[in-house]
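# Residue-level structure breakdown
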Amino acid sequence: MPQVPARAQDEDVAQMLDDAAMAFEKKYERVEKKPLGEGTYGEVYKAVDRATNTVVAMKRMKLDQEDEGVPSTAIREVSLLKELNHPNIVKLMDVFCSQKKLFLIFEFVEQDMKKYFKLHGYSQISPSGPKQWTLPQNIIKSFIFQLLRGVEYCHSHRIVHRDLKPQNLLIDKHGHLKIADFGLARAFAIPIPKYTHEVVTVWYRAPEILLGSQKYSIMVDVWSAGAIFGELATGQPMFPGDSEIDTIFKIFQKLGTPDDGVWKGIDALPDFKKTFPKWKTKGLDKIEGVATALGPQGVKLLEGLLKYQPHERISCRASLEHPYFEDVDHSIIPSVAHCEDEDML
Ligand code: ADP
Ligand code: MG
(Lines give C-alpha, C1' and ligand atoms only; values in the text may rest on other atoms or scores of the structure.)
(Ligands and ions follow the chains in the order given, each with its own letter.)
Protein backbone atom coordinates (compact mmCIF):
# COMPACT_ATOMS: atom_id res chain seq x y z
CA MET A 1 0.00 0.00 0.00
CA PRO A 2 1.38 3.45 -0.83
CA GLN A 3 2.23 5.52 2.20
CA VAL A 4 0.05 8.60 2.62
CA PRO A 5 1.89 11.43 4.34
CA ALA A 6 0.49 11.98 7.83
CA ARG A 7 -0.29 15.66 7.22
CA ALA A 8 -2.34 14.97 4.12
CA GLN A 9 -4.28 12.38 6.12
CA ASP A 10 -5.01 14.93 8.84
CA GLU A 11 -6.22 17.43 6.29
CA ASP A 12 -8.46 14.83 4.66
CA VAL A 13 -10.01 13.96 7.99
CA ALA A 14 -10.51 17.64 8.82
CA GLN A 15 -12.22 18.15 5.47
CA MET A 16 -14.42 15.11 6.05
CA LEU A 17 -15.44 16.42 9.45
CA ASP A 18 -16.23 19.86 8.07
CA ASP A 19 -18.36 18.32 5.32
CA ALA A 20 -20.18 16.22 7.88
CA ALA A 21 -20.73 19.30 10.05
CA MET A 22 -22.29 21.06 7.10
CA ALA A 23 -24.51 18.05 6.39
CA PHE A 24 -25.58 18.13 10.03
CA GLU A 25 -26.39 21.82 9.80
CA LYS A 26 -28.55 20.99 6.79
CA LYS A 27 -30.32 18.21 8.68
CA TYR A 28 -31.52 20.75 11.22
CA GLU A 29 -32.81 24.09 10.08
CA ARG A 30 -32.60 26.99 12.47
CA VAL A 31 -36.01 28.64 12.66
CA GLU A 32 -35.16 31.71 14.70
CA LYS A 33 -32.09 33.85 14.29
CA LYS A 34 -32.14 35.02 17.90
CA PRO A 35 -30.79 32.40 20.30
CA LEU A 36 -33.17 31.04 22.99
CA GLY A 37 -30.38 31.43 25.42
CA GLU A 38 -26.76 32.30 25.52
CA GLY A 39 -24.52 30.94 28.16
CA THR A 40 -20.95 30.28 28.98
CA TYR A 41 -20.09 27.82 26.26
CA GLY A 42 -22.33 28.54 23.31
CA GLU A 43 -25.78 29.36 22.12
CA VAL A 44 -29.06 27.50 22.08
CA TYR A 45 -31.29 27.92 19.02
CA LYS A 46 -34.76 26.75 18.08
CA ALA A 47 -34.45 24.46 15.06
CA VAL A 48 -36.42 21.93 13.05
CA ASP A 49 -35.40 18.42 12.12
CA ARG A 50 -36.16 18.57 8.38
CA ALA A 51 -36.76 14.84 8.05
CA THR A 52 -39.37 14.56 10.79
CA ASN A 53 -40.51 18.18 11.06
CA THR A 54 -39.90 18.05 14.81
CA VAL A 55 -38.96 21.22 16.68
CA VAL A 56 -35.70 20.80 18.56
CA ALA A 57 -33.26 22.88 20.57
CA MET A 58 -29.78 23.08 19.08
CA LYS A 59 -26.96 23.87 21.47
CA ARG A 60 -24.00 24.97 19.42
CA MET A 61 -20.61 25.28 20.97
CA LYS A 62 -17.72 26.80 19.12
CA LEU A 63 -14.49 25.01 19.69
CA ASP A 64 -12.01 27.16 17.78
CA GLN A 65 -10.68 29.01 20.81
CA GLU A 66 -9.88 25.71 22.43
CA ASP A 67 -6.31 24.54 22.04
CA GLU A 68 -7.16 20.96 22.74
CA GLY A 69 -10.28 20.45 20.65
CA VAL A 70 -13.54 19.62 22.36
CA PRO A 71 -13.69 21.25 25.80
CA SER A 72 -13.86 18.85 28.71
CA THR A 73 -17.13 20.46 29.87
CA ALA A 74 -18.78 19.52 26.57
CA ILE A 75 -17.47 15.96 26.61
CA ARG A 76 -18.69 15.63 30.17
CA GLU A 77 -22.14 16.98 29.29
CA VAL A 78 -22.52 14.56 26.38
CA SER A 79 -21.28 11.47 28.14
CA LEU A 80 -23.39 12.12 31.22
CA LEU A 81 -26.54 12.95 29.30
CA LYS A 82 -26.24 9.85 27.15
CA GLU A 83 -26.58 7.81 30.32
CA LEU A 84 -29.70 9.59 31.55
CA ASN A 85 -33.20 8.69 30.50
CA HIS A 86 -35.89 10.20 32.68
CA PRO A 87 -38.96 12.41 32.12
CA ASN A 88 -37.50 15.10 34.38
CA ILE A 89 -34.19 15.29 32.51
CA VAL A 90 -34.01 17.02 29.13
CA LYS A 91 -33.60 14.46 26.38
CA LEU A 92 -30.45 14.52 24.26
CA MET A 93 -31.51 13.38 20.79
CA ASP A 94 -28.45 13.78 18.61
CA VAL A 95 -24.82 14.83 18.84
CA PHE A 96 -22.34 15.91 16.29
CA CYS A 97 -18.82 17.06 16.69
CA SER A 98 -16.52 18.50 14.06
CA GLN A 99 -13.12 20.03 14.63
CA LYS A 100 -14.61 23.47 15.03
CA LYS A 101 -18.09 22.95 16.44
CA LEU A 102 -20.04 20.71 18.72
CA PHE A 103 -23.79 20.42 18.26
CA LEU A 104 -26.14 18.94 20.81
CA ILE A 105 -29.73 18.41 19.74
CA PHE A 106 -32.25 18.33 22.57
CA GLU A 107 -35.99 17.92 22.74
CA PHE A 108 -37.44 21.43 22.58
CA VAL A 109 -39.00 22.69 25.80
CA GLU A 110 -41.10 25.87 25.70
CA GLN A 111 -39.46 27.91 28.44
CA ASP A 112 -37.09 27.87 31.33
CA MET A 113 -38.23 28.49 34.91
CA LYS A 114 -36.78 32.00 34.97
CA LYS A 115 -38.94 33.01 32.01
CA TYR A 116 -41.88 31.16 33.59
CA PHE A 117 -41.38 33.21 36.79
CA LYS A 118 -41.45 36.45 34.81
CA LEU A 119 -44.75 35.49 33.21
CA HIS A 120 -46.19 34.97 36.69
CA GLY A 121 -45.47 38.45 37.96
CA TYR A 122 -42.20 37.58 39.62
CA SER A 123 -40.31 40.63 38.36
CA GLN A 124 -43.04 43.02 39.47
CA ILE A 125 -42.83 42.14 43.12
CA SER A 126 -41.36 44.74 45.40
CA PRO A 127 -41.42 44.52 49.18
CA SER A 128 -43.58 47.64 49.41
CA GLY A 129 -45.71 47.08 46.33
CA PRO A 130 -48.81 44.95 45.90
CA LYS A 131 -48.29 41.20 46.10
CA GLN A 132 -48.64 39.67 42.68
CA TRP A 133 -47.08 36.27 43.12
CA THR A 134 -49.87 33.84 42.49
CA LEU A 135 -48.31 30.49 41.67
CA PRO A 136 -50.95 27.93 42.74
CA GLN A 137 -49.95 25.62 45.58
CA ASN A 138 -50.38 22.46 43.50
CA ILE A 139 -48.01 23.86 40.85
CA ILE A 140 -45.36 24.72 43.47
CA LYS A 141 -45.69 21.19 44.86
CA SER A 142 -45.54 19.60 41.44
CA PHE A 143 -42.44 21.57 40.38
CA ILE A 144 -40.42 20.80 43.50
CA PHE A 145 -41.49 17.14 43.37
CA GLN A 146 -40.38 16.85 39.74
CA LEU A 147 -37.12 18.65 40.49
CA LEU A 148 -36.32 16.36 43.42
CA ARG A 149 -37.30 13.30 41.39
CA GLY A 150 -34.98 14.34 38.54
CA VAL A 151 -32.14 15.10 40.93
CA GLU A 152 -32.68 11.79 42.75
CA TYR A 153 -32.35 10.04 39.38
CA CYS A 154 -29.05 11.87 38.72
CA HIS A 155 -27.77 11.00 42.18
CA SER A 156 -28.74 7.36 41.77
CA HIS A 157 -26.61 7.40 38.60
CA ARG A 158 -23.76 8.88 40.58
CA ILE A 159 -24.06 12.28 38.94
CA VAL A 160 -24.04 15.57 40.80
CA HIS A 161 -25.46 18.43 38.72
CA ARG A 162 -23.77 21.31 40.60
CA ASP A 163 -25.58 24.14 38.80
CA LEU A 164 -29.27 23.84 39.61
CA LYS A 165 -31.01 27.19 39.15
CA PRO A 166 -34.21 28.41 37.44
CA GLN A 167 -32.43 29.15 34.12
CA ASN A 168 -31.37 25.50 33.93
CA LEU A 169 -34.83 24.08 34.60
CA LEU A 170 -37.10 23.81 31.59
CA ILE A 171 -40.90 23.85 31.80
CA ASP A 172 -43.04 22.49 28.98
CA LYS A 173 -46.62 23.38 28.14
CA HIS A 174 -47.97 20.56 30.33
CA GLY A 175 -46.15 21.89 33.37
CA HIS A 176 -43.53 19.14 33.16
CA LEU A 177 -40.14 20.13 34.53
CA LYS A 178 -36.88 18.99 32.90
CA ILE A 179 -33.42 19.52 34.28
CA ALA A 180 -30.99 20.89 31.66
CA ASP A 181 -27.42 22.15 31.35
CA PHE A 182 -25.17 19.42 32.60
CA GLY A 183 -22.14 21.49 31.59
CA LEU A 184 -20.87 21.64 35.14
CA ALA A 185 -22.14 18.26 36.22
CA ARG A 186 -19.82 15.41 36.91
CA ALA A 187 -19.91 11.84 37.89
CA PHE A 188 -18.75 11.34 41.43
CA ALA A 189 -16.73 8.40 42.52
CA ILE A 190 -16.77 6.99 46.00
CA PRO A 191 -14.89 8.21 48.01
CA ILE A 192 -15.91 11.68 46.95
CA PRO A 193 -12.91 13.47 45.50
CA LYS A 194 -11.92 17.07 46.09
CA TYR A 195 -13.71 19.39 43.73
CA THR A 196 -12.67 22.75 42.44
CA HIS A 197 -13.91 25.99 43.96
CA GLU A 198 -15.97 27.59 41.16
CA VAL A 199 -19.21 25.70 40.67
CA VAL A 200 -22.77 26.81 41.27
CA THR A 201 -24.07 30.29 40.46
CA VAL A 202 -23.90 32.15 43.76
CA TRP A 203 -27.58 32.48 44.76
CA TYR A 204 -28.12 28.71 44.72
CA ARG A 205 -24.66 27.78 45.95
CA ALA A 206 -24.46 25.63 49.07
CA PRO A 207 -22.84 27.25 52.14
CA GLU A 208 -20.04 24.65 52.33
CA ILE A 209 -18.90 25.73 48.85
CA LEU A 210 -19.28 29.42 49.71
CA LEU A 211 -17.13 28.85 52.80
CA GLY A 212 -14.39 27.26 50.73
CA SER A 213 -14.85 23.59 51.56
CA GLN A 214 -12.71 21.42 49.30
CA LYS A 215 -14.89 18.39 49.77
CA TYR A 216 -18.50 18.41 48.88
CA SER A 217 -21.12 16.02 47.72
CA ILE A 218 -24.51 15.42 46.12
CA MET A 219 -25.92 17.47 48.99
CA VAL A 220 -24.95 20.67 47.14
CA ASP A 221 -27.83 19.86 44.75
CA VAL A 222 -30.20 19.39 47.70
CA TRP A 223 -29.34 22.88 48.96
CA SER A 224 -29.97 24.38 45.50
CA ALA A 225 -33.33 22.57 45.35
CA GLY A 226 -34.19 24.14 48.73
CA ALA A 227 -33.29 27.61 47.49
CA ILE A 228 -35.47 27.04 44.41
CA PHE A 229 -38.34 25.74 46.61
CA GLY A 230 -38.28 28.94 48.69
CA GLU A 231 -38.28 30.99 45.50
CA LEU A 232 -41.27 29.04 44.16
CA ALA A 233 -43.11 29.79 47.38
CA THR A 234 -42.45 33.52 47.59
CA GLY A 235 -41.65 34.67 44.07
CA GLN A 236 -38.38 36.07 45.31
CA PRO A 237 -34.92 34.54 45.40
CA MET A 238 -33.97 33.31 48.87
CA PHE A 239 -30.33 34.41 48.90
CA PRO A 240 -29.74 36.99 46.16
CA GLY A 241 -26.21 38.01 47.00
CA ASP A 242 -24.12 40.04 44.59
CA SER A 243 -20.98 38.17 45.61
CA GLU A 244 -20.01 35.04 47.52
CA ILE A 245 -19.73 36.85 50.84
CA ASP A 246 -22.97 38.77 50.27
CA THR A 247 -24.73 35.45 49.56
CA ILE A 248 -23.28 33.95 52.76
CA PHE A 249 -24.64 36.91 54.73
CA LYS A 250 -28.04 36.61 53.05
CA ILE A 251 -28.10 32.95 54.16
CA PHE A 252 -27.03 33.84 57.72
CA GLN A 253 -29.71 36.54 57.94
CA LYS A 254 -32.46 34.04 57.12
CA LEU A 255 -31.10 30.91 58.85
CA GLY A 256 -29.00 32.46 61.61
CA THR A 257 -25.20 32.64 61.69
CA PRO A 258 -24.04 29.07 62.36
CA ASP A 259 -21.52 28.18 65.05
CA ASP A 260 -19.75 24.96 65.92
CA GLY A 261 -22.85 23.77 67.79
CA VAL A 262 -25.09 24.02 64.73
CA TRP A 263 -22.44 22.95 62.24
CA LYS A 264 -19.68 20.77 63.61
CA GLY A 265 -16.35 21.74 62.07
CA ILE A 266 -17.48 25.08 60.62
CA ASP A 267 -14.51 26.82 62.28
CA ALA A 268 -12.18 24.75 60.12
CA LEU A 269 -13.71 25.84 56.80
CA PRO A 270 -11.19 28.05 54.95
CA ASP A 271 -13.41 31.10 54.45
CA PHE A 272 -15.29 31.02 57.76
CA LYS A 273 -14.40 33.93 60.06
CA LYS A 274 -15.19 34.06 63.75
CA THR A 275 -15.76 37.78 63.23
CA PHE A 276 -18.78 37.25 60.94
CA PRO A 277 -21.83 39.22 62.16
CA LYS A 278 -24.08 37.06 64.35
CA TRP A 279 -27.63 37.00 63.03
CA LYS A 280 -30.40 35.06 64.73
CA THR A 281 -32.94 33.16 62.66
CA LYS A 282 -36.59 34.06 62.89
CA GLY A 283 -37.51 30.75 61.27
CA LEU A 284 -38.12 30.03 57.61
CA ASP A 285 -41.89 30.11 58.18
CA LYS A 286 -41.59 33.81 59.08
CA ILE A 287 -40.41 34.72 55.58
CA GLU A 288 -43.33 36.48 53.94
CA GLY A 289 -45.44 34.11 51.88
CA VAL A 290 -43.68 30.87 52.89
CA ALA A 291 -46.15 29.50 55.46
CA THR A 292 -49.19 30.31 53.31
CA ALA A 293 -47.75 28.87 50.12
CA LEU A 294 -46.22 25.72 51.62
CA GLY A 295 -48.26 24.85 54.70
CA PRO A 296 -46.64 23.25 57.80
CA GLN A 297 -45.36 20.14 55.96
CA GLY A 298 -43.91 22.22 53.13
CA VAL A 299 -42.09 24.39 55.66
CA LYS A 300 -40.65 21.21 57.27
CA LEU A 301 -39.42 19.99 53.89
CA LEU A 302 -37.86 23.39 53.13
CA GLU A 303 -36.07 23.26 56.50
CA GLY A 304 -34.83 19.75 55.68
CA LEU A 305 -33.42 20.81 52.33
CA LEU A 306 -31.72 23.91 53.74
CA LYS A 307 -29.88 22.34 56.69
CA TYR A 308 -26.42 23.81 57.22
CA GLN A 309 -24.61 20.52 57.71
CA PRO A 310 -24.64 18.71 54.36
CA HIS A 311 -25.16 15.26 55.89
CA GLU A 312 -28.17 16.52 57.86
CA ARG A 313 -29.97 17.61 54.70
CA ILE A 314 -32.77 15.31 53.63
CA SER A 315 -31.74 13.10 50.71
CA CYS A 316 -33.68 13.43 47.46
CA ARG A 317 -34.93 9.88 47.83
CA ALA A 318 -36.26 10.52 51.35
CA SER A 319 -37.74 13.86 50.31
CA LEU A 320 -39.94 12.16 47.71
CA GLU A 321 -41.57 10.23 50.58
CA HIS A 322 -42.15 13.40 52.62
CA PRO A 323 -45.73 13.93 53.93
CA TYR A 324 -45.79 17.24 51.98
CA PHE A 325 -46.07 15.16 48.80
CA GLU A 326 -48.91 12.98 50.06
CA ASP A 327 -51.42 14.87 47.92
CA VAL A 328 -49.12 15.82 45.03
CA ASP A 329 -51.13 16.22 41.82
CA HIS A 330 -50.00 13.31 39.64
CA SER A 331 -52.10 14.51 36.73
CA ILE A 332 -49.47 17.20 35.99
CA ILE A 333 -46.44 14.97 36.55
CA PRO A 334 -45.01 12.82 33.75
CA SER A 335 -44.94 9.10 34.39
CA VAL A 336 -41.56 7.36 34.74
CA ALA A 337 -42.88 4.00 33.55
CA HIS A 338 -40.65 2.25 30.99
CA CYS A 339 -38.19 5.09 30.89
CA GLU A 340 -35.24 3.00 31.96
CA ASP A 341 -36.01 0.37 29.31
CA GLU A 342 -36.02 2.71 26.34
CA ASP A 343 -33.18 2.53 23.86
CA MET A 344 -30.49 4.97 24.68
CA LEU A 345 -28.75 7.21 22.19
P1 ADP B 1 -25.44 27.30 29.14
O2 ADP B 1 -24.45 26.24 29.50
O3 ADP B 1 -24.91 28.21 28.10
O4 ADP B 1 -26.07 27.98 30.32
P5 ADP B 1 -28.00 25.93 28.76
O6 ADP B 1 -28.02 24.50 28.35
O7 ADP B 1 -28.35 26.27 30.16
O8 ADP B 1 -26.59 26.54 28.33
O9 ADP B 1 -28.98 26.74 27.78
C10 ADP B 1 -29.07 28.15 27.83
C11 ADP B 1 -30.56 28.57 27.76
O12 ADP B 1 -31.15 28.09 26.54
C13 ADP B 1 -31.41 28.00 28.88
O14 ADP B 1 -31.38 28.82 30.04
C15 ADP B 1 -32.79 27.96 28.22
O16 ADP B 1 -33.40 29.25 28.29
C17 ADP B 1 -32.48 27.67 26.75
N18 ADP B 1 -32.58 26.21 26.50
C19 ADP B 1 -31.68 25.26 26.82
N20 ADP B 1 -32.07 24.02 26.47
C21 ADP B 1 -33.28 24.18 25.90
C22 ADP B 1 -34.25 23.25 25.33
N23 ADP B 1 -33.99 21.94 25.29
N24 ADP B 1 -35.40 23.75 24.87
C25 ADP B 1 -35.63 25.09 24.90
N26 ADP B 1 -34.78 26.01 25.44
C27 ADP B 1 -33.62 25.57 25.92
MG1 MG C 1 -27.42 27.27 31.71
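Note that this is a predicted model, so its numbers are computed, not measured. (Residues numbered from 1 in each chain as written. Chains lettered and ligands numbered in written order. Predicted model: local features only at pLDDT ≥ 70, side-chain atom pairs only at ≥ 80, totals over all residues. Heavy atoms only, no water.)

All right, on to the coordination of the magnesium ion (ligand 2) then. Around the magnesium ion (ligand 2), the protein supplies Asn168 (OD1) and Asp181 (OD) as donor atoms, at distances of 2.1 to 2.2 Å. Here Asn168, found in the loop between strand S8 (159-160) and strand S9 (169-171), pairs with Asp181, found in the loop between strand S10 (177-179) and strand S11 (186-187); they are 13 residues apart in sequence, far enough to count as distant. By relative accessible area, Asn168 is classed as buried at 6%. (Donors = N, O, S within 2.8 Å, 3.2 Å for Na, K, Ca; no water. Helix = DSSP H or I, 4+ residues; strand = E, 2+ residues; numbered from the N terminus. Buried < 20%, exposed > 50% of the residue type's maximum accessible area, 1.4 Å probe, protein only.)

Okay, the pattern of salt bridges next. The full count for this structure, using the stated rule, is 16 salt bridges. In this structure, Lys173 engages Glu110 in a salt bridge whose closest nitrogen and oxygen atoms are separated by 3.7 Å. Of this pair, Lys173 sits in the loop between S9 and S10 while Glu110 sits in the loop between strand S6 (101-107) and strand S7 (111-112), and the two are 63 residues apart along the sequence. Between Asp285 and Lys286 there is a salt bridge, and its shortest N-O distance comes to 3.3 Å. Residue class for Asp285 comes out partly exposed when judged on its relative accessible area of 32%. (Salt bridge = Lys/Arg side-chain N within 4 Å of Asp/Glu carboxyl O.)

It is at 10 Å that the axes of helix H6 (residues 219-234) and helix H8 (residues 290-305) come closest, and there the two elements cross at 170°. On the basis of the axis angle, H6 is roughly antiparallel to H8. Judged by residue contacts, Val222, Trp223, Ala225, Gly226, Phe229, Gly230, Ala233 and Thr234 of H6 engage Val290, Ala293, Leu294, Gly298, Leu301, Leu302 and Leu305 from H8. In the contact of H6 with H8, the residues fall into 11 nonpolar, four polar and no charged. (Axes fitted to C-alpha atoms, helices over the stretch in contact; angles between N-to-C directions. Parallel < 35°, antiparallel > 145°, perpendicular 65-115°, else oblique. Contact = heavy atoms within 4.5 Å. Nonpolar A, V, L, I, M, F, W, Y, C, P; charged D, E, K, R; others polar.)

Before going further, it helps to examine the side chain of Asp172. Following the sequence through the fold, Asp172 ends up in the loop between S9 and S10. Here Asp172 occupies a buried position and makes no salt bridge, while the nearest side chain of opposite charge, Lys178, is found at 4.9 Å. Polar side-chain contacts of Asp172 include one of 2.9 Å to the backbone nitrogen of His176. With residues up to four places along the chain from it excluded, the contact list for Asp172 reads Val109, Glu110 and Lys178. (Lys, Arg positive; Asp, Glu negative; His and termini not counted. Polar contact = N/O pair within 3.5 Å; in protein donor to acceptor, adjacent residues only side chain to side chain.)

Look at Arg158: it is not a glycine, yet its phi comes out positive at around 60°. As for its placement among the helices and strands, Arg158 is situated in the loop between helix H4 (137-156) and S8. Non-glycine residue Asp181 carries a positive phi angle of around 60°. According to the relative accessible area criterion, Asp181 is partly exposed, its value standing at 23%.

Let's shift gears to the packing of H4 against H8. Interhelical geometry of H4 versus H8 gives an angle of 20° and a closest axis separation of 10 Å. Of the possible angle classes, the one that applies to H4 and H8 is roughly parallel. Handedness of the crossing formed by H4 with H8: left-handed. From H4, Gln137, Ile140 and Leu148 reach across to H8, where they touch Thr292, Ala293, Leu294 and Leu305. Of the residues that constitute the contact of H4 with H8, the class distribution is five nonpolar, two polar and no charged. (Left-handed = near helix turned anticlockwise from the far one by under 90°.)

As summarised here, the arrangement of the three strands in space is S7-S9-S10, forming an open sheet in which the pairing is antiparallel. Edge positions in the sheet fall to S7 and S10, since each of these pairs with one other strand and no more. In the packing of H4 onto the sheet, contacts are made with S9 and S10, and the angle to S10 comes to roughly 30°. (Pairing = 2+ DSSP bridges.)

The next thing to look at is the environment of Thr234. For Thr234, the position within the fold is in helix H6. Relative accessible area serves as the criterion here: at 5%, Thr234 is assigned to the buried category. Along the primary structure Thr234 and Glu288 are separated by 54 residues, whereas in three dimensions their C-alpha atoms are 7.1 Å apart. In terms of polar contacts, Thr234 uses its side chain to reach the backbone carbonyl oxygen of Gln236, at 3.1 Å.

Our next topic: the side chain of Asn85. When you line up the elements, Asn85 lands in the loop between helix H2 (72-83) and strand S5 (92-97). Among the residues examined, Asn85 registers a relative accessible area of 3% and is labelled buried. A polar side-chain atom of Asn85 sits 2.7 Å from a polar atom in the side chain of Lys91.

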